[in-house]
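Chain residues, written in single-letter form:
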Amino acid sequence: MGESIDHERLQMLRFNAYAADTVRELERPLLDDGVPLMRMAAAAAAHEAKRMLGAQGVALEDANVVVLAGAGDNGGDGLFAAAQLAGEDARVTVVAVGRGLHDAGFAAFAHSGGRVLVLDPEAEIPGCVTGFSAGEAGERLRVAVDLVNQADLVMDAMTGIGVSGALHGIAATLTSALLDSWGIDGRAGSETIQDHPGERPLVLAVDTPSGIGVDDGTLPGPYLTADRTVMFGALKPCAMLPPAAYACGKVTLVDFGFDIDEAEPASEMMDADLASSAILVPSVHDMKYTRGVVGLVTGSTRYPGAAVLGTNAAARSGIGMVRYLGPQRAQDLVLQALPEAVIGKGHVNAWVVGSGVPASTDTADGDDIQRETITRLLAHYALVDESGTNDDGGDAAAQGTHPDAMPPIVVDAGALDLLPARVPGNVVITPHAGELAGLLTRLDTINGPVTADQVMSAPVRYAQLAHEDTGATVVLKGAISVIAGTDPYDNDRTRILLCGRAPAWLGTAGAGDVLAGMIGALLSQSDVSGSPDDAPAVADTVAAAVYLHGLSAAIASHATQCGWRAPEIYGAGERNTGYVAGEPIIASDVIRAIPQAIAKLIG
Ligand SMILES: NC(=O)C1=CN([C@@H]2O[C@H](COP(=O)(O)OP(=O)(O)OC[C@H]3O[C@@H](n4cnc5c(N)ncnc54)[C@H](O)[C@@H]3O)[C@@H](O)[C@H]2O)[C@@H](O)CC1
Ligand SMILES: Nc1ncnc2c1ncn2[C@@H]1O[C@H](COP(=O)(O)OP(=O)(O)O)[C@@H](O)[C@H]1O
């Protein structure tokens, strides 16, 4: 019993992230009870520093450590950790980037005999030289950069959850100078430090890497990418939201014992438990029509392969039947690869449209018919107003089926430009960043054009905007995919789920066609199962399909790499972090691995 509660708590801690304000509320009762959180944080930071140095074969007494300390409590954590490392014979220098240092932390570090380099002439730090000239300030900055570059490890304790906006002042100047010295452009989305191993010290971030958007996962200015981040109490959203999550490196989470049962997570990462709950295992009473039927209007004369990939992926995802509608050439290829497919119309529990269907400007002979079929189908999902009047000018309910009650539909690739302006949440769109930018531009969601770079710099924001503007459930694809849909418990709230299960080998032509088929399959299963009240939220089912897709790619490629890795829990024993690069895969390999991935999830 105790063990299962522990397991549940650890799962919650590892796969949920909490906004900075929520973390402050969670800390409050412990601080009121006098729990020495800062000492605990510092001990963990020192421990992780030693572990990183040890892994590089650097003995503590030979180690050169630089701690970049800000004026707040994050700097306090760094100072106590610095004191501990200095007390164990490491050579430790603190670089003060603010106008002050945490009093008790500074006292502890001074007591250990460590050295402090102050960068701000206007700083007030007892016993330290301040009030120096601008010229000397520049010289001190250069010394700080050299110190860091000669260090074995730099602990980044400039800012934690107290940061607001992009780094400014000396923290920003020092960060930019360090990035310059490493030949890295520190702006959002550019190269990362991890691309330059061996040319810089190890970076351990304290609580959060300085310069990243703690709550929104953006990179608003210069920032230091960490090799490891030791995070306190609970994951912050930046640990799972792209692109900031990529700047956190490996994460060690220190469990302070927060009472998280009632706390509202700001974001959730898909894990195997959540994904498995969306997969139906057939009972003896099932037959093909009760196991889900997916209809695909995909592929085209120009791109028939997408039809083959989507139908095969759906068929392998544990459903009863696949129906296919498309041009003769695509039909022939689909039947050749999947004789089980049924060609033509019939009852379906979910649709998949658009993969391999060219955009309007790119059609070959016969492809216009495919687009017309999709347009007619999507018209049934178009909402004009709350009363359920659809875009056809008719009342959807009067035509037989309200858009809400239509089978779920996955709108992929070439069908995205046919998406009606307003649809219910059973419409799932699966754009990559470029396609989402195109959609938001067409719908004029932010009153102006949107670029793919903008989307990639704030994927959660744009996925959420697309959901809120169109009503559709959005899958924004990437190494960490973002799923934004309606929260089933509060329809006014957007549910954000993330999934980073796949190795980068998955970024290969046709992988998106496979994903669309898999999402259709899982949605068809949930459409036939139980009452609508019992059915999982669309966003959850969709996210489960994204997870299954990533897991299938991992199985096919034998790679351990993931877009996102769950944090290690401090003190819970080190997990096997062995890295296996694996081997390249094509989209068809992913399809072949789906049954094994399903078996793994339900086993
Ligand atoms: N509350 C607690 O008891 C605990 C807090 N802890 C640490 O305390 C941190 C939070 O401490 P604080 O609330 O003091 O905040 P921080 O230390 O994260 O940030 C505040 C400091 O950063 C500076 N700053 C803010 N925005 C900046 C910007 N854009 N550019 C440059 N400098 C900027 C401020 O001037 C101030 O000096 C956590 O992240 C964690 O590391 C831990 O010790 C655990 C316990
Ligand atoms: N670096 C990466 N790591 C993990 N998965 C990736 C990466 N890059 C792309 N993917 C995944 O590969 C798939 C590519 O889909 P898409 O861009 O639609 O390709 P296509 O149109 O060729 O089918 C998506 O599921 C995406 O999440």
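Criteria and cut-off values
Residues numbered from 1 in each chain as written. Chains lettered and ligands numbered in written order. Predicted model: local features only at pLDDT ≥ 70, side-chain atom pairs only at ≥ 80, totals over all residues. Heavy atoms only, no water. Helix = DSSP H or I, 4+ residues; strand = E, 2+ residues; numbered from the N terminus. Rg over C-alpha atoms; globule rule 2.2 N^0.38 Å. Buried < 20%, exposed > 50% of the residue type's maximum accessible area, 1.4 Å probe, protein only. Areas by Shrake-Rupley, 256 points an atom, 1.4 Å probe, with all protein chains shown as cover. Lys, Arg positive; Asp, Glu negative; His and termini not counted. Charge placed at Lys NZ, Arg CZ, Asp CG, Glu CD. Expected span 1.5 Å × (residues − 1). Contact = heavy atoms within 4.5 Å. Near = heavy atom within 4 Å. Polar contact = N/O pair within 3.5 Å; in protein donor to acceptor, adjacent residues only side chain to side chain. Nonpolar A, V, L, I, M, F, W, Y, C, P; charged D, E, K, R; others polar. Patch = residues over 30% accessible without salt bridge, like charges linked within 9 Å, V, L, I, M, F, W, Y side chains within 5 Å. Salt bridge = Lys/Arg side-chain N within 4 Å of Asp/Glu carboxyl O. Domains from an automatic or database assignment. Buried area = accessible area lost by both parts, 1.4 Å probe. Pairing = 2+ DSSP bridges. Axes fitted to C-alpha atoms, helices over the stretch in contact; angles between N-to-C directions.

**Student:** Just checking my understanding: could you explain the overall build of the protein chain for this structure?
**Tutor:** In terms of regular secondary structure, the protein chain is built from 18 helices and 19 strands. Taken against the 2.2 N^0.38 rule, which gives 25 Å for 603 residues, the C-alpha radius of gyration of the protein chain at 27 Å falls within 12% of a compact globule. Within the protein chain, the proportion of its 603 residues that are buried is 56%. In the structure as shown, the protein chain presents an accessible area of about 24,600 Å², 51% of it carried by carbon and sulfur atoms. On the protein chain, the mean spot of the 37 positive side-chain charges and the mean spot of the 74 negative ones are 5 Å from each other.

**Student:** Where do I start with helix α7 (residues 169–181) in this structure?
**Tutor:** Helical periodicity: at 3.6 residues per turn, an α-helix aligns residues three or four positions apart in one direction. Between its terminal C-alpha atoms α7 stretches 18 Å, which fits the 18 Å expected from 13 residues at 1.5 Å a residue. Every buried residue of α7 is listed here: Ala171, Ala172, Leu174, Thr175, Ala177, Leu178 and Leu179. Buried-residue contacts for α7 involve β2 (64–69), β3 (91–96) and α6 (134–150).

**Student:** Explanation requested: the site of ligand 1 in the structure shown.
**Tutor:** Contacts to ligand 1 come from 23 residues, most closely from Glu27, Asp73, Asp77, Gly160 and Asp207. Between ligand 1 and the protein, one listed contact pairs an oxygen atom with a side-chain N or O atom of Asp207 at 2.5 Å. Considering ligand 1 on its own, with 860 Å² of exposed area, one finds that the protein chains cover 82% of that surface. Contributing elements (two or more residues each) for the shell around ligand 1: α2 (20–32), α3 (37–55) and α4 (73–87). Of the residues assigned to the shell around ligand 1, the class counts are ten nonpolar, eight polar and five charged.

**Student:** Quick question: what am I supposed to make of a negative patch on the surface here?
**Tutor:** On the surface, Glu8, Asp259, Asp261 and Glu262 cluster together into a negatively charged patch. Among the secondary structure elements, Asp261 is positioned in the loop between β8 (250–254) and β9 (267–269). Its relative accessible area of 57% is what places Asp261 among the exposed residues.

**Student:** I'm lost on the domain arrangement of the protein chain in this one. Help?
**Tutor:** As a measure of interface size, the accessible area lost when the parts come together is often cited. The assigned domain composition of the protein chain is domain 1 (2–259) and domain 2 (272–529 + 538–568 + 575–602). Centre-to-centre, using C-alpha coordinates, domain 1 lies 40 Å away from domain 2. Tallying the contact residues gives 18 residues for domain 1 and 16 residues for domain 2. Summed over both partners, the interface of domain 1 with domain 2 comes to about 1,400 Å²; 61% of that surface belongs to carbon and sulfur atoms. The three residues of domain 1 that bury the most area against domain 2 are Arg14, Pro242 and Tyr246, which together make up 35% of that side's buried surface. For the interface between domain 1 and domain 2, the tally reads two salt bridges. Linking Glu568 and Arg51 is a salt bridge whose minimum nitrogen-to-oxygen distance equals 2.9 Å. Seen at the junction of domain 1 and domain 2, the total is six residue pairs in polar contact (both at pLDDT 80 or more). Looking at the side of domain 1 that touches domain 2, the elements with two or more residues in it are α1 (2–15), α8 (244–247) and β8. When residues of the side of domain 1 that touches domain 2 are assigned to their parent elements, the largest contribution, four residues, is made by α1.

**Student:** Sorry, what's going on with the site of ligand 2 here?
**Tutor:** By nearness alone, 18 residues border ligand 2, and Lys477, Gly478, Gly510, Gly512 and His549 come closest of all. Measuring from an oxygen atom of ligand 2, one finds a backbone N or O atom of Leu506 at 3.3 Å. In this structure, an oxygen atom belonging to ligand 2 sits 2.6 Å away from a main-chain N or O atom of Gly512. Compared with its free state, where it exposes 580 Å², ligand 2 has 74% of that area covered by protein. In terms of residues, the shell around ligand 2 owes the most to one element, helix α16 (residues 511–528), which gives four residues.

**Student:** How should unusual backbone geometry be read in this particular structure?
**Tutor:** Trans is the prevailing form of peptide bonds, just as negative phi is the prevailing case for residues other than glycine. That bond from Pro242 to Pro243 is cis: its omega, 0 degrees, falls within 30 degrees of zero. Its place among the elements puts Pro243 in the loop between β7 (228–232) and α8. The backbone phi angle of Asn447 is positive, close to 55 degrees, even though this residue is not glycine. With respect to the helices, strands and loops of the structure, Asn447 is situated in the loop between α13 (433–442) and α14 (452–457). Judged by its relative accessible area of 69%, Asn447 falls in the exposed class.

**Student:** Help me understand the sheet that holds β7, please; the structure alone is not making it clear to me.
**Tutor:** For sheets, the rule is that strands pair by backbone hydrogen bonds, running either parallel or antiparallel. A sheet is described by the order of its strands in space; here eight strands give the open sequence β4-β3-β2-β5-β6-β7-β8-β19, paired in parallel fashion. What marks the edges here is a single partner per strand, and that holds for β4 (115–118) and β19 (568–569). Sheet analysis places β2 next to strand β5 (residues 153–157), joined by five bridges and oriented parallel. Across the sheet, residue Val67 finds its bridge partner in β5, namely Met155. Sitting on the sheet, α6 is in contact with β2, β3, β4 and β5, with an inclination near 135 degrees to β4.

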